[in-house]
Amino acid sequence: MSPSSSSPASTPDPVVAALRAAGCVFAEDEARLILATARDPQELADMVARRASGLPLEHVLGWAEFGGLRIAVEAGVFVPRRRTEFLVAEALAQAPDASVVVDLCCGSGAVGAALAAALTGVELHAADIDPAAVRCARRNVAAYGGHAHEGDLFDALPAHLRGRVGILAANVPYVPTDEVGLLPPEARDHEPLVALDGGGDGLDVLRRVAAGARRWLAPGGCLLIETSERQAPSAIEAFEAGGLATRLAISEEPYATVVIGVGH
């Protein structure tokens, strides 16, 4: 972002006014980002119109900031949440010498990219069931020599990774089915349902990952999954049933809950 475009005085009032009228709480900040990204007046007008229509800002910009990185985010792909940076930090604290990283339910591949950026010489794999997510993740992990695979959870992974994974990060969907309709419109209307809906109690996918993780983890390797504080006790039970030594990590700021399981 150039100094001229980031200065409040250079932000055209019509852009801010249009965003504010559309209900954007941080209209001034969003206007500065849109101005810094738009390459010409027509693109600027198109971007403002798309944001005003309710499209997530990250989809309008084509990128999201995550872990100090600029992550490409295409329309229809789950937008990485800043609270998930806590999962990345916990993974690095738990396994600072990991040499193989898997980003399962990867979406844009933001978690895998952030982990690879912080580790040295890591072998990175990302996987998702959504073809659009895999295409997007492939762009984001390429800088780290990473590979993106399409398929259902562990079925997507190369067999040679069994027993070798130091960090298995799985940003699974964990919204209970009956609560998906309560999500903000930006998520509900513009992100894939498969990345949001976690089943009856929100833990269907988490249980599947916890049940299969131990076969893929290296000795001392760890599985990390973000969940809600309310779901944490049931999530811990699922991890323990999968044979993992389990602990809970909670951050008040950002408000995040991560279940961590270590293989034996």
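Position labels on residues start from 1 in each chain and follow its written sequence. Reporting in this predicted model follows two pLDDT cut-offs: at least 70 for local features of residues, and 80 or more for side-chain atom pairs to be given and counted; totals over whole chains, interfaces and linings ignore these cut-offs and use all residues. No hydrogens and no water enter the side-chain calculation; it runs on all heavy atoms of the structure.

**Concerning the side chain of Glu 30**
Phase 1: Helix numbering and strand numbering both begin at the N terminus, where a helix is a DSSP run of H or I of at least 4 residues and a strand a DSSP run of E of at least 2. Within the secondary structure layout, Glu 30 lies in helix H3 (residues 27-37).
Phase 2: Between buried and exposed lies partly exposed: a residue is buried under 20% and exposed over 50% of the maximum accessible area for its type, with that area taken using a 1.4 Å probe on protein chains only. Glu 30 sits in the buried class, given a relative accessible area of 8%.
Phase 3: For Glu 30, the residues in contact, after removing those within four places along its chain, are Leu 19, Cys 24, Arg 51 and Leu 57. Whether two residues are in contact is decided by their heavy atoms, any of which lying within 4.5 Å being enough.

**Side note on the pairing of strand S6 (residues 165-170)**
Phase 1: Of all six residues in S6, six are buried; the element is thus mostly enclosed.
Phase 2: Criterion used throughout: strands pair if DSSP finds at least two bridges between them. Bridging between strand S3 (residues 100-104) and S6 involves four bridges; their strand directions are parallel. What sits directly across from Val 102, in S6, is Leu 168.
Phase 3: Pairing geometry for S6 and strand S7 (residues 217-227), over five bridges, is parallel. Along S7, the bridge assignment pairs Ile 167 with Cys 222.

**A word on the state of the cysteines**
Phase 1: Disulfide: a pair of cysteine sulfur atoms within 2.5 Å of each other. All chains considered together, the criterion is met by zero disulfides.
Phase 2: The thiol of Cys 136 is not disulfide-bonded; the next cysteine sulfur, from Cys 106, is found 8.7 Å away.
Phase 3: Free cysteine: Cys 222, not disulfide-bonded; nearest cysteine sulfur from Cys 105 at 16 Å.
Phase 4: Relative accessible area serves as the criterion here: at 0%, Cys 222 is assigned to the buried category.

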